[in-house]
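Chain and residue survey
Below, each chain spelled out in residue letters.
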Amino acid sequence: MVIVDADWVNESDRIAHCIYWGGLVALPVNGGKCNCFTQCQLARNCQECMGRGPPCAWCFDDAYDDTAEGPGYRCAERDVLLERNCPADKIESQNSTLVDVGSQDTDAQLTPVRQKVSVRPHDSLRTDFTFQSITDYPVDIYFLVDQSYTMRDDLETVSRLTKDIANSFTAVTKDLRMGFGAFVDKPVFPFIVPTPEAQVNPCLYGVGNQDLQCDPPFLYKHILSLTGDFAEFERKTILSRPSGNLDSPEGGLDALLQV
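Described below are features of the structure shown in this document. (Residues numbered from 1 in each chain as written. Predicted model: local features only at pLDDT ≥ 70, side-chain atom pairs only at ≥ 80, totals over all residues. Heavy atoms only, no water.)

**Description of the overall build of the chain**
Defined as follows: Secondary structure elements are defined from DSSP: runs of H or I of at least 4 residues count as helices, runs of E of at least 2 residues count as strands, and each element is numbered from the N terminus. Only protein chains enter the accessibility calculation, which uses a 1.4 Å probe; a residue whose area is less than 20% of its type maximum is buried, one above 50% is exposed, and one in between is partly exposed. Throughout, a contact is declared for two residues whenever any of their heavy atoms are within 4.5 Å. We get accessible surface area from the Shrake-Rupley algorithm with a probe of 1.4 Å; when it comes to residues, only the shown protein chains can shield them.
Summing up its helical and strand segments, the chain has 8 helices and 14 strands in all. Split into buried and exposed, the 259 residues of the chain put 31% on the buried side. Considering only contacts in the chain between residues 6 or more positions apart, those separated by 24 or more positions represent 60%. Accessible area for the chain stands at about 16200 Å²; split by element, carbon and sulfur atoms hold 53% of it.

**A word on a nonpolar patch on the surface**
Counted only if it meets this: Residues enter patches when they are more than 30% accessible in relative terms and free of salt bridges; like-charged ones are connected within 9 Å and nonpolar ones (Val, Leu, Ile, Met, Phe, Trp, Tyr) within 5 Å. Should a side-chain nitrogen of Lys or Arg be within 4 Å of a carboxyl oxygen of Asp or Glu, the pair is scored as a salt bridge.
Nonpolar side chains collect at one region of the surface, where L110, F129 and F131 lie side by side and expose about 350 Å² of accessible area between them. Assignment of secondary structure puts L110 in strand 9 (residues 110-111). Using a relative accessible area of 46% as the deciding quantity, one classes L110 as partly exposed.

**Digging into the environment of I165**
Mapping I165 onto the fold places it in helix 5 (residues 162-170). Residues I165 and M178, spaced 13 residues apart in sequence, show a C-alpha to C-alpha distance of 9.8 Å.

**Things to note about helix 7 (residues 230-239)**
Heads up, the condition is: Starting at the helix axis, one direction is taken to each C-beta atom, and the arc is that of these directions. Polar contact is the term for a pair of N or O atoms within 3.5 Å; when the atoms are in protein, one must be able to donate a hydrogen and the other to accept it, and sequence-neighboring residues count only if both atoms are side-chain atoms.
Looking only at helix 7, the buried set comprises F233, E234 and T237. The arc that holds every buried residue of helix 7, seen down its axis, measures 95°, which confines them to one face. Of the exposed residues in helix 7, the ones pointing more than 90 degrees away from its buried face are A231, I238 and L239. Here the buried face of helix 7 lies against strand 12 (139-146), helix 4 (152-160), helix 5, strand 13 (176-183) and strand 14 (220-227). Its side-chain oxygen placed 3.3 Å from the backbone nitrogen of A231, D229 serves as the N-cap of helix 7.

**Considerations on the side chain of S96**
Tracing the sequence through the fold places S96 in the loop between strand 7 (91-92) and strand 8 (97-100). Separated by 3.0 Å, the side chain of S96 and the backbone nitrogen of R120 make a polar contact. Polar side-chain contacts of S96 include one of 2.6 Å to the side chain of D123. When neighbours within four sequence positions are excluded, S96 is seen to be in contact with S118, V119, R120, D123 and L125.

**Considering the nonpolar core**
In summary, soluble globular proteins display a tendency toward joint burial of nonpolar side chains. Defined as follows: Take the buried Ala, Val, Leu, Ile, Met, Phe, Trp, Tyr and Cys residues and link them wherever side-chain atoms come within 4.5 Å; each set so joined is a nonpolar core.
Counting 11 residues, the largest nonpolar core is built from I141, F143, V145, L155, V158, I165, L176, M178, F180, L224 and F233. In this view, F233 contacts F143, V158, T162, M178, G179, F180 and L224; residues no more than four positions away in its chain are not counted. With 8 residues, the next largest nonpolar core counts C59, Y64, Y73 and A76 among its residues.

**A closer look at the sheet that holds strand 13**
To be explicit about the condition: Should DSSP find at least two bridges between two strands, the strands are regarded as paired. Lines fitted to C-alpha atoms define the axes here, with helix axes fitted over just the stretch in contact, and angles between the N-to-C directions of these axes take values from 0 to 180 degrees.
Taken together, the 3 strands give an open sheet; going across it, the order is 12-13-14, and neighbouring strands pair in mixed fashion. Where the open sheet ends on each side, the last strands, each with one partner, are strand 12 and strand 14. Taken pair by pair, the neighbouring strands of this sheet meet at an average axis angle of 10°, ignoring direction. With 5 bridges joining them, strand 13 and strand 14 adopt antiparallel strand pairing. Across the sheet, F180 pairs through a bridge with L224, a residue of strand 14. Helix 7 rests against strand 12, strand 13 and strand 14 of the sheet, and its axis sits at about 15° to strand 13.

**A few points about the state of the cysteines**
Just so we agree on the cut-off: Criterion for a disulfide: a pair of cysteine sulfur atoms at a distance within 2.5 Å.
As enumerated under the stated definition, the model contains 3 disulfides in all. Shown here is the disulfide that connects C40 with C56, its sulfur atoms set 2.1 Å apart. With the S-S bond torsion at -90°, the cross-link from C40 to C56 turns out left-handed. Highlighted residues: C40 in the loop between strand 4 (33-34) and helix 2 (46-51) and C56 in strand 5 (residues 56-59), separated in sequence by 16 residues. When sorted by exposure, C40 lands in the same class as C56, which is buried. Paired through a disulfide, C49 and C75 show a sulfur-sulfur distance of 2.1 Å. Of note, the bridge from C49 to C75 carries an S-S torsion of about 85° and is right-handed in sense.

**Focus: the packing of helix 4 against helix 7**
The criterion, for reference: An angle counts as roughly parallel when it lies under 35 degrees, as roughly antiparallel when it exceeds 145, as roughly perpendicular when it falls between 65 and 115, and as oblique in every other case. It is the rotation of the near helix from the far one that decides the hand of a crossing: anticlockwise by less than a right angle makes it left-handed, clockwise makes it right-handed. Note on residue classes: Ala, Val, Leu, Ile, Met, Phe, Trp, Tyr, Cys and Pro are nonpolar, Asp, Glu, Lys and Arg are charged, and everything else, Gly too, is polar.
Interhelical geometry of helix 4 versus helix 7 gives an angle of 160° and a closest axis separation of 9 Å. For the element pair helix 4 / helix 7, the angle class is roughly antiparallel. Regarding helix 4 and helix 7, the two cross each other, and that crossing is left-handed. Contact with helix 4, carried on its side by L155, V158 and S159, involves F233, E234, T237 and I238 of helix 7 and no other residues of that element. Considering only residue class, the contact of helix 4 with helix 7 consists of 4 nonpolar, 2 polar and 1 charged.

If you want it as structure tokens, here you go:
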């Protein structure tokens, strides 16, 4: 950094500008004090001043002389404003805040549960979280299954593994519930074959088995609400029949939104 004497530059340069020479910064000086605009001094009002970052404060005293050093003179670091004789109770300086809100559940695995955060531009906040393992913490599992004919083996797998899934989770928690839903695709062309026969039994086309009876096409179907009756869950998955659609992509995203 190179500092040059104020005689090298004209009056307007001394007040408003820094000079750049080949990557070096030349700072005009006046009596050893730099007159270049700082981060805060470019703000024209309180809102802009608060947006400059945490160091900046705004003097809103009507009697304050803001003409001494040009526009932005009201926005500066707090100690600078005090040096310029701005009353302390007339200085606006907002700090970033982070506050825990609501009741803190002692049974929660992750705390704090909820926080309210207000952050000034260009500022940062840090918050600490605590994790603790809770015995018999409630676990809900909802199986959303692609019920198109080509994915029928997935439904069979869920049915076959019901007991294994339940046993694995109940070894960790006694409060387990499982639910079940299915999706295929939007029941309109071009996602399905639009003929009346195909809308009754979509497996008539593309499967090659005229005797196979499939359910009519649907986008999403909720089949079993969350329950601790795992035998009922297994029964529902066994009784569910595949359906069919026309194109390869399925309506999984739409189904997730409805779940």
